Amino acid sequence: MSSDDLDQHFTCTWCGATAALAPDGRRGHCPSCLRVRHAGCGGWAVPISVAVPRTGDWALVHRCADCGELSSSPVRSDDNQLLLVRLAVRPLAEPPFPLDAFSAFGAL
Ligand SMILES: [Zn+2]
Ligand SMILES: [Zn+2]
C-alpha cells in the first residue's frame with residue numbers, strides 16, 4: 001500500500017474496519033461501527049440517534065461516552081445501513097412509556 005492509499009483511507013481503532021475517506025478528505029464516523037473519536041477529549045463518541053435536518057440528508061447524532069458532548073456528522077452512502085435503521089427505529093421499538101397508554105386515552 002503506497003502512502004497515497006494511506007491518505008485515502010483510515011482504519012477504525014475501535015472495530016478495525018478500513019474505510020475510504022470522504023471526497024473532502026474528512027470522515028466523521030466509522031462506516032462499520034458508526035463510532036467516532038471525539039476530538040475534544042479523545043474519548044469514543046457513540047451514535048445515539050439519526051436526525052434528518054432540513055437538507056433532507058441523514059445525520060448521525062453522537063454522544064461522547066467520556067465527556068457527554070453531543071455532535072453530529074453526515075451519513076455516508078457506505079455507512080452500516082443495518083445500524084442506521086436500528087438507530088432510526090429505536091424510539092418506536094423502545095418507547096419510554098407503555099404503548100397501552102393510548103388505549104387508556106380512548107377510555108377517558
Ligand atoms: Zn469502527
Ligand atoms: Zn468527549
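Structure shown above.
Reference entry: report on the structure contained in this document. Nothing here was measured: the structure is a model prediction, and the numbers come from that model.

Scanning the chain from terminus to terminus reveals three helices and six strands. As displayed, the chain offers around 7500 Å² of accessible surface, 57% of which is attributable to carbon and sulfur atoms.

With respect to the helices, strands and loops of the structure, Asp 79 is situated in the loop between strand S6 (70-74) and helix H2 (81-93). Within the structure, Asp 79 has its side chain in polar contact with the side chain of His 29 (distance 2.7 Å). In this structure the side chain of Asp 79 is engaged in a polar contact, spanning 2.8 Å, whose partner is the backbone nitrogen of Arg 76.

At this site the zinc ion (ligand 2) is bound by His 38 (ND1), Cys 41 (SG), Cys 64 (SG) and Cys 67 (SG), with donor distances of 2.0 to 2.3 Å. Relative to the metal, the four donor atoms surrounding the zinc ion (ligand 2) lie at angles of 101 to 123 degrees, and the coordination shape comes out tetrahedral. In terms of primary sequence, the donors binding the zinc ion (ligand 2) are separated according to H-x2-C-x22-C-x2-C. Overall, the relative accessible area of 3% leaves Cys 64 in the buried class. According to the relative accessible area criterion, Cys 67 is partly exposed, its value standing at 44%.

So, on to the coordination of the zinc ion (ligand 1). The zinc ion (ligand 1) binds to the protein through Cys 12 (SG), Cys 15 (SG), Cys 30 (SG) and Cys 33 (SG); the donor distances cover 2.3 Å. Classification of the site at the zinc ion (ligand 1) rests on its four donor atoms, whose angles at the metal span 106 to 112 degrees, yielding the label tetrahedral.

Turning to H2, a few remarks are in order. For H2, spanning 13 residues, the distance from its first C-alpha to its last is 17 Å, which sits close to the expected 18 Å at 1.5 Å a residue. Along H2, the largest kink reaches about 30 degrees and is centred on Leu 87; proline Pro 91 follows within four residues of it. By the N-cap criterion, in which a side-chain oxygen at the helix start approaches the backbone nitrogen of a residue two or three places on, H2 is capped by Asn 80, the distance to Leu 82 being 3.2 Å.

In the structure shown here, the tally under the stated rule is one aromatic pair. Ring plane angle 70 degrees and centroid distance 5.4 Å describe the contact between Trp 14 and Trp 44, whose orientation is recorded as edge-to-face. With Trp 14 in the loop between strand S1 (9-11) and strand S2 (18-20) and Trp 44 in strand S4 (residues 44-51), this residue pair connects regions lying 30 residues apart in the sequence. A relative accessible area of 44% places Trp 14 in the partly exposed class. Here Trp 44 falls in the buried class, since its relative accessible area comes to 14%. One cation-aromatic arrangement involves Arg 35 over Trp 14; the distance from NZ or CZ to the ring centre is 3.8 Å.

Thresholds, definitions, all that
- Residues numbered from 1 in each chain as written.
- Chains lettered and ligands numbered in written order.
- Predicted model: local features only at pLDDT ≥ 70, side-chain atom pairs only at ≥ 80, totals over all residues.
- Heavy atoms only, no water.
- Helix = DSSP H or I, 4+ residues; strand = E, 2+ residues; numbered from the N terminus.
- Areas by Shrake-Rupley, 256 points an atom, 1.4 Å probe, with all protein chains shown as cover.
- Polar contact = N/O pair within 3.5 Å; in protein donor to acceptor, adjacent residues only side chain to side chain.
- Donors = N, O, S within 2.8 Å, 3.2 Å for Na, K, Ca; no water.
- Tetrahedral: all angles 85-135°; square planar, octahedral: opposite > 155°, others 65-115°.
- Buried < 20%, exposed > 50% of the residue type's maximum accessible area, 1.4 Å probe, protein only.
- Expected span 1.5 Å × (residues − 1).
- Bend = angle between axes of the 7 residues up to and from the residue.
- Phe/Tyr/Trp six-rings, centres within 6.5 Å; stacked < 30°, edge-to-face > 60°.
- Lys NZ or Arg CZ within 6 Å of the ring centre and 35° of its normal.

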